[in-house]
Amino acid sequence: MASEEYQDIVESDFTNGLIIFGNFLPEEVMSNILHCLSWDDLLNFRLVCHSWKRLIDSFVSYKKIRECKSYKACFAFNVKGFNPESLPFYLYYAIGKNAFGSNHLKNAFGSGEIPHVCQPPRRSFGRRRAQDLRMCSDVNCPRFKHWSVLSSQGDGWTVEMVPQGSQPLPEHLEGSSCFVTSYGLCSKQQIIKLSECGLSSKIMDEIQPHIDISEWYARRFDCGSIYRLKVSLLDINKEVVDQFNEEIVENHWDDDWHQVSHTFRNYGPDVRFLLFHHEGIDTQFWAGYYGSKMAGGSVIARIPEDILQLDDEPCQLFLLDTLDTRV
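Structural notes on the sheet that holds strand 12 (residues 258-264)
If you trace the five strands from one edge of the open sheet to the other, you get 6-7-14-9-12, paired in antiparallel fashion. Of all the strands in the sheet, just strand 6 (158-160) and strand 12 have a single pairing partner and so form its edges. Recorded for the sheet is a direction-independent mean angle of 30° between the axes of neighbouring strands. Pairing of strand 9 (residues 210-218) with strand 14 (residues 293-302) involves eight bridges; the strand directions are antiparallel. Of the residues in strand 14, the one forming a bridge with Asp-212 is Ile-300.

Focus: the environment of Cys-186
Structurally, the position occupied by Cys-186 is in strand 8 (residues 186-193). Leaving out residues up to four positions away in the same chain, Cys-186 has contacts with Ser-151, Ser-152, Gln-153, Gly-156, Trp-157, Thr-181, His-278, Glu-279 and Gly-280.

Description of unusual backbone geometry
When glycine is set aside, most residues are seen to have a negative phi, and most peptide bonds are trans. The phi angle at Lys-238 is positive, at roughly 65°, despite the residue not being glycine. Relative to the elements of secondary structure, Lys-238 occurs in the loop between strand 10 (225-234) and strand 11 (240-250). You can call Lys-238 partly exposed: its relative accessible area is 46%.

Here we look at the side chain of Asp-254
Residue position: Asp-254 is located in the loop between strand 11 and strand 12. Buried and without a salt bridge, Asp-254 has Arg-219 as its closest oppositely charged side chain, separated by 6.8 Å. A distance of 3.0 Å separates a polar side-chain atom of Asp-254 from the backbone nitrogen of Asp-256. Polar contacts involving the side chain of Asp-254 include one to the side chain of His-258, which spans 2.6 Å. Not counting chain neighbours up to four residues away, the residues in contact with Asp-254 comprise Arg-219 and Arg-220.

What about the nonpolar core?
Core analysis: the biggest nonpolar cluster contains 65 residues, and Leu-34, Phe-75, Phe-100, Ile-211, Ile-213 and Leu-274 have the highest contact counts within it. A per-element tally of this core places helix 5 (residues 89-96) first, with seven residues. Leave out the neighbours within four places in its chain, and Ile-213 touches Leu-229, Val-231, Phe-244, Val-260, Ser-261, His-262, Phe-264, Leu-274, Ser-298 and Val-299. Residues Ala-108, Phe-109, Cys-178 and Ala-295 belong to the second largest nonpolar core, which totals ten residues.

Cut-offs and rules
- Residues numbered from 1 in each chain as written.
- Predicted model: local features only at pLDDT ≥ 70, side-chain atom pairs only at ≥ 80, totals over all residues.
- Heavy atoms only, no water.
- Pairing = 2+ DSSP bridges.
- Helix = DSSP H or I, 4+ residues; strand = E, 2+ residues; numbered from the N terminus.
- Axes fitted to C-alpha atoms, helices over the stretch in contact; angles between N-to-C directions.
- Contact = heavy atoms within 4.5 Å.
- Buried < 20%, exposed > 50% of the residue type's maximum accessible area, 1.4 Å probe, protein only.
- Lys, Arg positive; Asp, Glu negative; His and termini not counted.
- Salt bridge = Lys/Arg side-chain N within 4 Å of Asp/Glu carboxyl O.
- Polar contact = N/O pair within 3.5 Å; in protein donor to acceptor, adjacent residues only side chain to side chain.
- Core = buried A, V, L, I, M, F, W, Y, C linked by side-chain atoms within 4.5 Å.

This is the structure in structure tokens:
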């Protein structure tokens, strides 16, 4: 026969979910068990009972994100002295799924380490002069995987495994190869669906994370070049909500790599896509690959300091919005 103390534990809503096969498990033990689950499992297990939801929303999620190597990179401010125990679960979940602090731009270095031979360029004869329209017909070409090539004039795009005529890429970057343009305009772009990166409509509308964009560019020591970067935030209809433009003309003898960067803030609700567009050309119309070089592009979302103003009240059940990839 159960004692009165045991009966109180069984009947308590606070401890509901801590009684397993008639045995009471302390919160510390249950928290350690839940901590071993994946983020997707935790998302579902929050619906089991109040006790599990309370543990998952606080101690379990807090402990899991603190174990992430990129934990500090998820925030747009110094997290020293900041206690994130009161964050809503959907932010814990997004951090755990690498929505913040990770680069969402794919193939930023041209996959130059993968051997591939494109078809020779075809020539188009106009009224004034012939143009080489080098467009690889292989849709699986790893040089441009994840990119939409819009223009590939002159001798077209290429990828240099090691930059030629300029300094090597900075050592802290993950790759060593780069995209290179020619004497005709070369342009390409990449559209990022933010919900597929873990940045749900709830996060984009209510949190409005800072979005840091950047790319490295260079020119050869013996030829001038023009480099352009345009990054746009788009709504569900792919209409521009906010935009950053940069054009850099390099005519002096500078073969070092430089970085262009920008942070989108306070852009308002309804942002669902990001368009990353870059292009280049040389200024002296030399045959070959003497145009601007580019590599190491990045698109990184970070939690803004405004998160400190969120109410400490428990967040509502969060399931469909997080898993919804329909924008």
